[in-house]
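The primary structure of each chain is shown beneath.
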Amino acid sequence: MGFRVNEINTNYTQVLSDYLEQITYDQIPEDVIERAKMMALQTIGVSLAAKESPIAGHVLKFAETLNGGPGGKATSWIGGTKLSPSNAVLVNGTIADALDWEDCSWTGHPSASIIPVAWAIAQAEGKSGKDFLTAVVGGFEVYQRIAMAVQPPADWDVFKGWGLTSWQIFGATAPACKLLGLSSEQINQAFGISAACTPITCVLAHSTMSSLYHYEHGIRSKDGVSAAELAKIGIDKAMDCFDDQYSFGFHLTEEQRPEWYTKDLGSKYLIMETLMKHWPANMWLQTPLEITNDLITKNNITAEDVEEVILDPPTFGRMALSENGYDSMMLAQFSIPFALAALICDPNPSAGWYSEDNLVNPRVLALAKKVHGSDAKPHGLMESFDMFRKGTYPMKSVTIRTKDGKVYQESMDCHLGHPANMMTREQFVDRFKVQVSHVMDSKQAEEWIHIICNIEKYHNITDVADRLFV
């Protein structure tokens, strides 16, 4: 006797599968298409910027090893190596998250899988730019609802880990299914395969501040593509994983919200409520960085001018200071003292902020020691996430006191890139130029910008993908 002894009374999995199969480019509003293009521009830009980070070379070597050497239908954005689609997204998904500079939704970093997967499969299958954008939008809407259904409860134990790299797999499965042309039944099965391949939530990467966290985005991307490919080849059963008492969410959280699986599907586009990071750092560092950049730019403040920097209120879990240097890139990306010091010392963000030399740079560390929180109660992370989901953001103030006795202060809640203060196309383009400035010349950058901003005009992604790498 099988486990499903009770009749299934819901159809969440099939509704999601039908939606993904049936969505077309012409159904998607213009502003949503534009946001998908800007998400692609941002994600590809920060991925290319990661070429200078140590993780880029390591993940490329890893993927080539799994691939049995170079060869395949998809291009790695680093080095231009041709690989199988699943191994290309292992590289591109990892570097998309490496600098912590992509997006941040209510649930994690969906674009670190959605964009690399949609690009690689579109290239491998000879799909059009419109097909690519449709897969990005459809993939995001499906991923986000699945992820919201399995978010932890309000009394979540942080020591169990937040499963953003568990449900990340669906950010890869969904666009892969769409571009591989799977039927709704096959999509249903691909979701089931992905549910079976979802790892348990684990705090290890965060507790050790390991680059494993970045690799996980690439690994989940690879797994999601594999799930779609297996469903296309053919598998029996594995249906309806989001339904009945033994569903996916039942195993992942103690407080499943199944209504989220299909909430406002097709009428409300959650891609429009995604935060796009303006700076290469954890999302809760974005507002302090934005304010600090405004203050030093308007008042010509240099690192040597600073006597003290105060964040009010501080942010729980993000005020760690390593006085003798940072032994991991991730630790620095989560440290407000380090990030503000890195910005003041070098206002042009790049992978250089997190180079091995800069992590122990005496000038940066000396300034980081001058950054601290006020005596106010810190903002909690889950409290802040709740505000984000409701469309607001924690109000922050940054005060800079200079050695000549002057005091500069500004306050802000929704920084540039927040859904309530979204970047314009011009600002996305300008940021792309900043992101890639260390890895390509201006002519090549303009070529990338032109292609991505006009991607819907290309009939075959393969025609451009082979030459777009650094």
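Enquirer: Would you explain helix α19 (residues 442–453) in this entry?
Expert: Along an α-helix, residues three or four apart share an orientation, since each turn contains 3.6 residues. In a regular helix each residue adds 1.5 Å, so twelve residues correspond to 16 Å; α19 covers 16 Å between its end C-alpha atoms and thus fits that length. Residues of α19 that are buried: Ala-445, Trp-448, Ile-449, Ile-451, Ile-452 and Cys-453. Packing partners of the buried residues in α19 comprise α2 (30–49), α18 (425–436) and α20 (462–465). If you check the start of α19, you find a side-chain oxygen 3.2 Å away from the backbone N of Lys-443, and it comes from Asp-441.

Enquirer: Help me out: how do you make sense of the side chain of Asn-92 in this one?
Expert: Considering the arrangement of structural elements, one finds Asn-92 in helix α4 (residues 85–98). For Asn-92, a relative accessible area of 0% puts it in the buried group. Of the polar contacts made by the side chain of Asn-92, one reaches the backbone nitrogen of Trp-77; its length is 2.9 Å.

Enquirer: Help me understand the pairing of strand β8 (residues 407–412) in this model?
Expert: The side chains of a regular strand alternate, first on one face of the sheet and then on the other. On β8, burial follows the alternation: Tyr-408, Glu-410 and Met-412 on one face are buried, whereas Val-407, Gln-409 and Ser-411 on the facing-out side are not. Hairpin connection between strand β7 (residues 396–402) and β8: a loop of four residues separates the two successive antiparallel strands, and Gly-405 in this loop has a positive phi of roughly 90°.

Enquirer: Whenever I open this one, the side chain of Ser-105 confuses me. Can you help?
Expert: With respect to the secondary-structure elements, Ser-105 resides in the loop between β3 (103–104) and α5 (111–125). Within polar-contact distance, the side chain of Ser-105 engages the side chain of Gln-144 at 3.4 Å. Not counting the four nearest positions on each side in its chain, Ser-105 is found in contact with Pro-110, Phe-140, Tyr-143, Gln-144, Thr-274, Phe-385 and Phe-388.

Enquirer: What am I meant to see in the pairing of β7 here?
Expert: Counted residue by residue, β7 has six buried out of seven residues, so it is predominantly covered. Two strands pair when backbone bridges link them, and strand β5 (residues 306–312) and β7 are joined in this way by six bridges, in the antiparallel orientation. Opposite Glu-308, over in β7, you have Arg-401 as the bridge partner. Note: β7 against β8, six bridges, orientation antiparallel. Across the sheet, the residue bridging to Ile-400 is Tyr-408, located in β8.

Enquirer: Before we go on, may I ask you to explain helix α9 (residues 184–197) in this structure?
Expert: Between its first and last C-alpha atoms α9 spans 20 Å; for 14 residues at 1.5 Å apiece the expected length is 20 Å, and the two agree. Across the 14 residues of α9, ten count as buried, placing the element largely inside the fold. Among all positions of α9, only Ser-184, Ile-187, Asn-188, Gln-189, Ala-190, Phe-191, Gly-192, Ile-193, Ser-194 and Ala-195 are buried. Looking at the buried residues of α9, the elements they touch are α1 (12–22), α6 (129–149), α8 (169–179), α11 (212–233) and α12 (248–252).

Enquirer: In this structure, what is going on with the pattern of salt bridges? I would like to understand it.
Expert: Pairing between side chains of opposite charge can happen when their charged atoms approach one another. What the rule picks out here adds up to 15 salt bridges. Linking Glu-141 and Arg-145 is a salt bridge whose minimum nitrogen-to-oxygen distance equals 2.8 Å. Taken together, the residues Glu-141 and Arg-145, both in helix α6 and four residues apart, mark about one turn of the helix. Summarising the burial analysis for this pair, Glu-141 and Arg-145 share the class buried. Among the salt bridges present, the one from Asp-386 reaches Lys-390, with a minimum N-O distance of 3.1 Å.

Enquirer: For this particular structure, what's the right way to read the nonpolar core?
Expert: Generally speaking, nonpolar side chains in soluble globular proteins are found buried as a group. Residues Leu-48, Phe-132, Phe-170 and Phe-242 are the most contacted members of the largest nonpolar core, which totals 164 residues. Among the elements that line this core, the one with the most residues is α6, at twelve residues. With near-sequence residues (within four places) excluded, Phe-170 lies in contact with Tyr-143, Ile-146, Pro-175, Phe-191, Ser-194, Ala-195, Thr-198, Phe-242 and Phe-248.

Enquirer: Before we go on, may I ask you to explain the environment of Pro-175 in this structure?
Expert: Structurally, the position occupied by Pro-175 is in helix α8. Taking C-alpha positions, Pro-175 is 26 Å from Gly-57, a pair spaced 118 residues apart along the chain.

Enquirer: When you look at unusual backbone geometry in this model, what are you seeing that I'm missing?
Expert: Excluding glycine, a negative phi dihedral is what most residues carry, and trans is how most peptide bonds are arranged. The linkage connecting Asp-312 with the following residue, Pro-313, adopts the cis geometry, with an omega of -15°. Positionally, Pro-313 belongs in the loop between β5 and α14 (329–333). Here Met-209, not a glycine, exhibits a phi torsion of approximately 50°, which is positive. Relative to the assigned elements, Met-209 resides in the loop between α10 (204–208) and α11. A residue is classified by how much of its surface remains accessible, and Met-209, at 16% relative accessible area, is buried. A positive phi is found at Asp-240, a non-glycine position, where the angle reads about 60°. Take Asp-240: it is sitting in the loop between α11 and α12. Asp-240 gets classed as partly exposed once you look at its relative accessible area, which sits at 22%.

Analysis parameters
- Residues numbered from 1 in each chain as written.
- Predicted model: local features only at pLDDT ≥ 70, side-chain atom pairs only at ≥ 80, totals over all residues.
- Heavy atoms only, no water.
- Helix = DSSP H or I, 4+ residues; strand = E, 2+ residues; numbered from the N terminus.
- Expected span 1.5 Å × (residues − 1).
- Buried < 20%, exposed > 50% of the residue type's maximum accessible area, 1.4 Å probe, protein only.
- Contact = heavy atoms within 4.5 Å.
- Polar contact = N/O pair within 3.5 Å; in protein donor to acceptor, adjacent residues only side chain to side chain.
- Pairing = 2+ DSSP bridges.
- Salt bridge = Lys/Arg side-chain N within 4 Å of Asp/Glu carboxyl O.
- Core = buried A, V, L, I, M, F, W, Y, C linked by side-chain atoms within 4.5 Å.

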